[in-house]
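The lines below spell out each chain.
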Amino acid sequence: MLKTHTCGVLNLTNVGDVVTLAGWVNRRRDHGGLIFIDLRDRFGITQVTVDSEQAPLAHAVADQARSEYVLQVKGQVTARPEGLRNPNLSTGAIELIAEEVVILNTAKNPPFYIASGMSSSGDDVDEMLRLKYRYLDIRRPRMAQNLLLRHRIVRFIREFFSDRDFIEVETPVLLKSTPEGARDFIVPSRLQPGEFYALPQSPQQLKQLLMVAGIERYFQIARCFRDEDLRADRQPEFTQLDLEMSFADANDICAIIEAMLIELSVLIAPHKPIQTLPFPVISYADAVEYYGIDRPDLRFGQPLFNVSDLAAASDFAVFRKAVEAGGLVKGVVYPGASALSRREIDELTDFVKQYGAKGLVWIGISDEPDAAGLFAPESLRSQVTKFFTPAEIQTIFERSGAAVGDLILLVADRAAVVNPCLANLRLEIGRRARLIDPNLLAYCWVVDFPLLEYNEEEKRWQAVHHPFTSARDEDWERLESDPGSVLAKAYDVILNGWEIGGGSIRIHRSDLQDRLFARLGLTSEQTESQFGHLLEAFQYGAPPHGGIALGLDRLVAMFAEASTIRDVIAFPKTAAGTDLMLDSPCAVTEAQLAELHIALRPAKR
RNA sequence: GGAGACGUGGUGUAGCGGUUAGCAUAACGGCCUGUCAAGCCGUAGGUCGCGGGUUCAAAUCCCGUCGUCUCCGCCA
């Protein structure tokens, strides 16, 4: 090795040792006859002091060094004089008095600051540049720490499950296209002209086949691919902790995941309290009723409330018609916001409009109700009080749980508009009113999902989770007669409003799987060509089994307090699916295409 | 497919009809033996993303386009 120690390890116990360090010039402070170099490697920073009188040759070399040059320095570890120690460095009590300095490599002036503390204004570098020069971005402490955190989490996961008799089995990346779910990435076959592999959206079918194979306890840190549009929390390729267990029911799987997440949280983020133990379990129906969404952020309150019954009987046409059309009227309370400026109220209105709401009804409670619980007109601030009777206002007030000084916000529309609108409005209120403790870890389970949902466009039922999910035992009898009422043995695990994982107990009997495929409108020819391998496998003694997959990128991002999973991925893609460093995707040669039997259509752009 | 925001020396930004395009930082040169975001002095660095239009005059207003980000649709 070109170094005897790292730049983060030396301290007063090493004083007198002659050591060699190697790393990058983090910063250089040139005092003429005396040069200080902060030498940085992955492990820390050590101050190198080069004295022109003690070591003229070393000084001449250090004089040439610039930021990000790669240096090797030999010298003696020396205690810094009292008062000259740097408490911000783990090595701040010592310095390396250089005897020899070697420039191992020079460096161009980097396109952005790498040394920590340089972006002290809080402003970060444009992400476009960070992505183009990702190898320099990763040199910076923030990204380096995130990748280290990711490694520690993956390592913990591997040990946790290995210790519990799970084995990691790799599954193919070149797989088979399936019509359900997300759009596949496809890969042309050279050996089989005109045919294509697909990259796995997840190793779902393979892990079920491993259960048939008798593996019993499987996990994998698995790369998955989905060709859908990107988001801050979605990349075209991402990583799952994929897991499957035989002879397990939903409680067994949730219990082991819950134990893992608790142990992981304590290990990785001991300063972050877990809000509720054991994790709360919420039904899908309750989650939608009280939070408008199936992944509630439980770090704060402000549950939604429902006044559809009252709205149906009111004189306010907007509300009444929404309910008559089968819709809902629900609301949320913005605490302490009764005197919100009209401009801020308009901002909230624009906010809900982006989720499809036509408007936002607001009622500010500026004064106490009278002894009978009724509000005087001057106690309220609203654009709609004139449409409601005092008793109706009283009911809305009581239903909302609001207090004097709060602002009640209401949305009326189809359920598919009202719930997402208010779910996002609740989060916006949480942010604006600073109701969210950023240190809290609020885990919960969401269970009792519907098995099927009706796709209006395609006029057919489709699987909410995926088509291998089992219905609850008592619900199978309604699969044909009332498919919308069938609940699944499915569960999602939520952290701070992010869905970090989901899974289910699978169907292990081919007769039940056949029934479900029929319910989904698949012909026996289709099921045979797409899932024949699985159905056949189930006839050879498939054990009852189930599993779960956790989104590793999201989990790491939560612990890293990153606002996008790109910050916990070494080489991520942009929102347009491109890699700015490699300049991919890119065109290939005509010869490559010919070998793959592919003729291009004219590009649309 | 749709909506919004942003694009000004290497970087981060100010300027939003007439400025010599300002500031900070980095870079380069000089001075300096106790700094740790070192300091002081000096130098260089910009076709204001690109194209078109409006105007006597455009970084600034309008249209288009490219890129990045966020969101909707899409996606568990």
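1. Quick word on the overall build of chain A
Here comes step 1: Helix and strand counts for chain A stand at 16 helices and 22 strands.
Here comes step 2: The dimensions of chain A, computed from C-alpha atoms along their principal axes, are 95 × 75 × 55 Å.
Here comes step 3: Expressed as a percentage of its 605 residues, the buried residues of chain A come to 48%.
Here comes step 4: Intrachain contacts of chain A at a sequence separation of at least 6 include 68% that bridge at least 24 residues.
Here comes step 5: Taken as a whole, chain A presents about 29,900 Å² of accessible surface, with 52% of it coming from carbon and sulfur.
Here comes step 6: Here chain A contributes 64 positively and 83 negatively charged side chains, and the mean placements of these two sets differ by 5 Å.

2. Considerations on the packing of aromatic side chains
Think of a pair of aromatic rings as described by two things: how far the centres are apart, and how the planes are tilted against each other in angle.
Here comes step 1: On inspection of all chains with the given rule, the structure shows 18 aromatic pairs.
Here comes step 2: When the centroid spacing of 6.3 Å and the interplanar angle of 80 degrees are considered together, the rings of W445 and Y491 count as edge-to-face. Remark: Y491 occurs in strand β20 (residues 490-495) and W445 occurs in strand β17 (residues 443-447); sequence separation between them is 46 residues. Taken as a pair, W445 and Y491 share a single burial class, namely buried.
Here comes step 3: On the numbers, 4.7 Å between centres and 10 degrees between planes, the contact of F517 with F531 is stacked.

3. Describing helix α7 (residues 284-291)
Here comes step 1: Those residues of α7 lying buried are A287, V288 and Y291. Taken around the axis of α7, the buried residues stretch over an arc of 105 degrees, which confines them to a single face.
Here comes step 2: Check the buried side of α7 and you find it contacts β11 (281-283), β13 (328-334), α12 (415-432) and β17.
Here comes step 3: One or two positions beyond α7, positive phi appears at G292, with a value near 75 degrees.

4. Considerations on the domain arrangement of chain A
Here comes step 1: Looking at the assigned domains, one finds that chain A contains domain 1 (12-105), domain 2 (142-247 + 549-581), domain 3 (300-432) and domain 4 (450-487 + 509-542).
Here comes step 2: Taking only C-alpha atoms into account, the centre of domain 1 sits 64 Å from that of domain 3.

5. Some thoughts on the environment of L516
Here comes step 1: Among the secondary structure elements, L516 is positioned in helix α13 (residues 510-519).
Here comes step 2: Considered as a pair, L516 and Q462 are 54 residues apart in the sequence and their alpha carbons are 9.7 Å apart.
Here comes step 3: Residues contacting L516, with those up to four places away along its chain left out, are L451, L452, P467, T469, L479 and I507.

6. Regarding the sheet that holds strand β5 (residues 94-105)
Here comes step 1: As summarised here, the arrangement of the five strands in space is β1-β2-β3-β5-β4, forming a closed barrel in which the pairing is mixed. Shown here is a sheet whose adjacent strand axes are inclined to one another by a mean of 55 degrees, direction ignored.
Here comes step 2: For strand β1 (residues 18-30) and strand β4 (residues 70-79), the ladder comprises seven bridges, and the chain directions are antiparallel. Paired with A22 across the strands is Q72, a residue of β4.
Here comes step 3: Across the face of the sheet, helix α1 (residues 56-64) comes into contact with β1, β2 (34-41), β3 (44-51) and β5 while running at roughly 65 degrees to β5.

7. Things to note about the sheet that holds β11
Strands pair in a sheet through their backbones, by hydrogen bonds, and they do so in one of two ways: parallel or antiparallel.
Here comes step 1: The eight strands are arranged β6-β9-β10-β22-β21-β20-β17-β11 in an open sheet whose pairing can be described as mixed. The strands lining the two open edges of the sheet, one partner per strand, are β6 (167-168) and β11.
Here comes step 2: Bridge analysis of strand β21 (residues 498-505) against strand β22 (residues 545-551) gives five bridges, and the strand direction is antiparallel. Bridge pairing in β22 places S504 opposite G547.
Here comes step 3: The sheet contacts of helix α6 (residues 250-268) involve β9 (217-225), β10 (237-246), β17, β20, β21 and β22, and relative to β22 the element is tilted by about 30 degrees.
Here comes step 4: Packed onto the sheet, α7 meets β11 and β17 and runs at close to 85 degrees relative to β11.

Cut-offs and rules
Residues numbered from 1 in each chain as written. Chains lettered and ligands numbered in written order. Predicted model: local features only at pLDDT ≥ 70, side-chain atom pairs only at ≥ 80, totals over all residues. Heavy atoms only, no water. Helix = DSSP H or I, 4+ residues; strand = E, 2+ residues; numbered from the N terminus. Buried < 20%, exposed > 50% of the residue type's maximum accessible area, 1.4 Å probe, protein only. Contact = heavy atoms within 4.5 Å. Areas by Shrake-Rupley, 256 points an atom, 1.4 Å probe, with all protein chains shown as cover. Lys, Arg positive; Asp, Glu negative; His and termini not counted. Charge placed at Lys NZ, Arg CZ, Asp CG, Glu CD. Phe/Tyr/Trp six-rings, centres within 6.5 Å; stacked < 30°, edge-to-face > 60°. Arc of directions from axis to C-beta. Domains from an automatic or database assignment. Pairing = 2+ DSSP bridges. Axes fitted to C-alpha atoms, helices over the stretch in contact; angles between N-to-C directions.

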